[in-house]
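# Understanding the architecture of this molecule
The chain contents come next:
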Amino acid sequence: VIPLYNKEKQIKRTLQSVLTQTFQDFEIVIVNDGSTDNSTIEVEKIKDSRIRLIHQENAGVSAARNKGIEEAKYELIALLDADDEWKNKYLEVQYDLYKKYPKCDIFACNYEFVNEKHDISPTIIKKLSFEENDGILNNYFEVACVSHPPLCSSAIVIKKKIIQKIGGFPLNVTSGEDLITWARLSTVGMIAYNKNAYVYYYINTKPQQSNEPKDLQSTKDYVGTSLKQLYLTEKDIECKKNIARYISFWYKMRASINIMLNHKIPAMKCALKSIKYNPYDIKPYIFLLLATIPTKAASHIINTLRNR
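Residues numbered from 1 in each chain as written. Predicted model: local features only at pLDDT ≥ 70, side-chain atom pairs only at ≥ 80, totals over all residues. Heavy atoms only, no water.

With that out of the way, let us pick up the overall build of the protein chain. If you tally the helices and strands in the protein chain, you get 12 helices and 10 strands. Against the 2.2 N^0.38 benchmark of 19 Å for 308 residues, the protein chain shows a C-alpha radius of gyration of 20 Å, consistent with a compact globule. Dimensions of the protein chain along its principal axes, counting C-alpha atoms only, are 60 × 40 × 35 Å. The proportion of buried residues among the 308 residues of the protein chain is 53%. Of the contacts made within the protein chain by residues no fewer than 6 positions apart, 73% connect residues no fewer than 24 positions apart. About 15500 Å² of surface is accessible on the protein chain, with carbon and sulfur atoms providing 52% of the total. A gap of 6 Å separates the mean positions of the 43 positive and 35 negative side-chain charges of the protein chain. (Helix = DSSP H or I, 4+ residues; strand = E, 2+ residues; numbered from the N terminus. Rg over C-alpha atoms; globule rule 2.2 N^0.38 Å. Buried < 20%, exposed > 50% of the residue type's maximum accessible area, 1.4 Å probe, protein only. Contact = heavy atoms within 4.5 Å. Areas by Shrake-Rupley, 256 points an atom, 1.4 Å probe, with all protein chains shown as cover. Lys, Arg positive; Asp, Glu negative; His and termini not counted. Charge placed at Lys NZ, Arg CZ, Asp CG, Glu CD.)

As a further point, take a positive patch on the surface. Among the surface-exposed residues, K126, K127, K241 and R245 lie close enough to one another that they form a single positively charged patch. Structurally, the position occupied by K241 is in helix α9 (residues 237–260). Overall, K241 belongs to the partly exposed group, its relative accessible area being 44%. (Patch = residues over 30% accessible without salt bridge, like charges linked within 9 Å, V, L, I, M, F, W, Y side chains within 5 Å. Salt bridge = Lys/Arg side-chain N within 4 Å of Asp/Glu carboxyl O.)

Turning next to the packing of helix α11 (residues 283–290) against helix α12 (residues 295–306). Between α11 and α12, the least distance of the axes is 10 Å, while the angle of their chain directions is 165 degrees. Accordingly, the angle class assigned to the pair α11 and α12 is roughly antiparallel. For α11 against α12, the interelement crossing comes out left-handed. For the pair α11 and α12, contact is made by K283, I286, F287 and L290 and by A298, I301, I302 and L305, respectively. (Axes fitted to C-alpha atoms, helices over the stretch in contact; angles between N-to-C directions. Parallel < 35°, antiparallel > 145°, perpendicular 65-115°, else oblique. Left-handed = near helix turned anticlockwise from the far one by under 90°.)

A word on the side chain of D134. For D134, the location among the structural elements is in strand β8 (residues 134–136). Judged by its relative accessible area of 14%, D134 falls in the buried class. Of the polar contacts made by the side chain of D134, one reaches the side chain of K100; its length is 2.9 Å. Every residue in contact with D134, bar those within four places of it in the chain, is listed here: L97, K100, Y101, Y193 and N194. (Polar contact = N/O pair within 3.5 Å; in protein donor to acceptor, adjacent residues only side chain to side chain.)

Before going further, it helps to examine α9. Counted at 1.5 Å a residue, the expected span for α9 with its 24 residues is 34 Å, and the 35 Å between its end C-alpha atoms agrees. Burial within α9 is extensive, with 18 of its 24 residues counted as buried. Structurally, the start of α9 carries an N-cap: the backbone nitrogen of E238 is 3.3 Å from a side-chain oxygen of D236. Among the residues trailing α9, N262 stands out with phi positive, at a value near 65 degrees. (Expected span 1.5 Å × (residues − 1).)

The next subject is the nonpolar core. Counting residues in each nonpolar core, the largest one holds 56 residues, and the members touching the most others are Y140, I158 and W182. Broken down by element, this core gets its largest block of residues, 10 residues, from α9. Contact partners of W182, with chain neighbours within four places excluded, come to L79, Y140, L151, C152, S153, I156, I158 and F169. Of all hydrophobic cores here, the second largest spans 33 residues; its members include I46, I51, Y111 and V157. (Core = buried A, V, L, I, M, F, W, Y, C linked by side-chain atoms within 4.5 Å.)

Take the pattern of salt bridges next. Oppositely charged side chains are able to pair whenever their charged atoms sit close together. Applying the stated criterion to the full structure yields 14 salt bridges. Across the pair E27 and R52 runs a salt bridge whose closest N-O atoms are separated by 2.9 Å. In this pair, E27 is assigned in the loop between α1 (11–19) and β2 (28–33) and R52 in strand β3 (residues 51–56), connecting sequence segments 25 residues apart. For E27, a relative accessible area of 18% puts it in the buried group. When its relative accessible area of 23% is taken as the criterion, R52 is described as partly exposed. Notably, a salt bridge pairs K252 with D281, separated by 2.7 Å at the nearest N-O pair. Here K252, found in helix α9, pairs with D281, found in the loop between α10 (264–277) and α11; they are 29 residues apart in sequence, far enough to count as distant.

On to the environment of G167, then. Structurally, G167 is set in the loop between α6 (160–165) and α7 (177–188). Distance in space between the C-alpha atoms of G167 and P284 is 33 Å, their sequence separation being 117 residues.

With that settled, the discussion passes to the pairing of β3. Bridge count for β2 against β3 is 6 bridges, and the pairing is parallel. Looking across to β3, one finds that I30 is bridged to L53. Once the chain exits β2 it traverses helix α2 (residues 39–44) before rejoining the sheet at β3, and the crossover so formed is right-handed. (Pairing = 2+ DSSP bridges. Right-handed = clockwise from strand over helix to strand, strands pointing away.)

To continue, consider α11. Within the span of α11, buried status applies to P284, F287 and L290. End-on, the buried residues of α11 take up no more than an arc of 115 degrees, which puts them together on one face. (Arc of directions from axis to C-beta.)

The next point concerns the sheet that holds β3. Within the open sheet, the 3 strands sit side by side as β1-β2-β3. Their pairing is parallel. The sheet terminates laterally at β1 (2–4) and β3, the two strands that pair on one side only. Going across the sheet, the axis of each strand differs from the next one's by a mean of 25 degrees, ignoring polarity. Sitting on the sheet, α1 is in contact with β1 and β2, with an inclination near 165 degrees to β2. With respect to the sheet, helix α3 (residues 61–71) is in contact with β1, β2 and β3, its orientation differing from that of β2 by roughly 145 degrees.

Rendered as structure tokens:
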């Protein structure tokens, strides 16, 4: 399932990475989310009977993904952003996970970042609960608190029934819709994970990527609100503790961004929320203090902490 919006320069490369897979038993459902460029023309140039192009008025990436999932004919849904790229063994590896871990509902692998200069850099994934090349990722929130997101929108295969069970991707969310979807999925299904990177994630072509911190004042904290709801409804004590740590991590991140934006009061509020959910983490206390000193000095300290 590929959501497509104004990616005329990337969609051909993306589709070629699918068509050259070593595993060939698939359909390609492309949902054109009201593109205003030549994206659909580029798709139509590629002649393959497995490609289905569906059109809808612009409704956002979540609506496009949900439409593609609804239209998909088969049990396994492989998601792929229209500007990313699979290595040629990606689907083979994911299908092997599906066969090896039949009790799992979510299948994922590692990925690599590609920047505007086409430099490739690895992710940092820590605290996986297994030593082997692949295994069951049963501590998603613990890993997510100390790593790049362990699940990525172009490096995940999901059973159709499990993504529909949580209602698909949340609508009317401009940022973080994937993070809350992975969090919800991790509480209702088991995740099989391969440590090797089989996906190129192009950070320079994402609409919300920027070298500057985002202005959090103009955006609703949908991720934080949704995580709190997840925390309140979770009955498993250990999972509840891990969700609490992840909520703390989320507000710690927002506190640091607010500090660099010179938003002192919001930074303090986020730091206090972080402390509320994990009072044993030292960093929110540091951020609370940093919100009281000049922004330039505070930003330097935050960057130093991040690099440790």
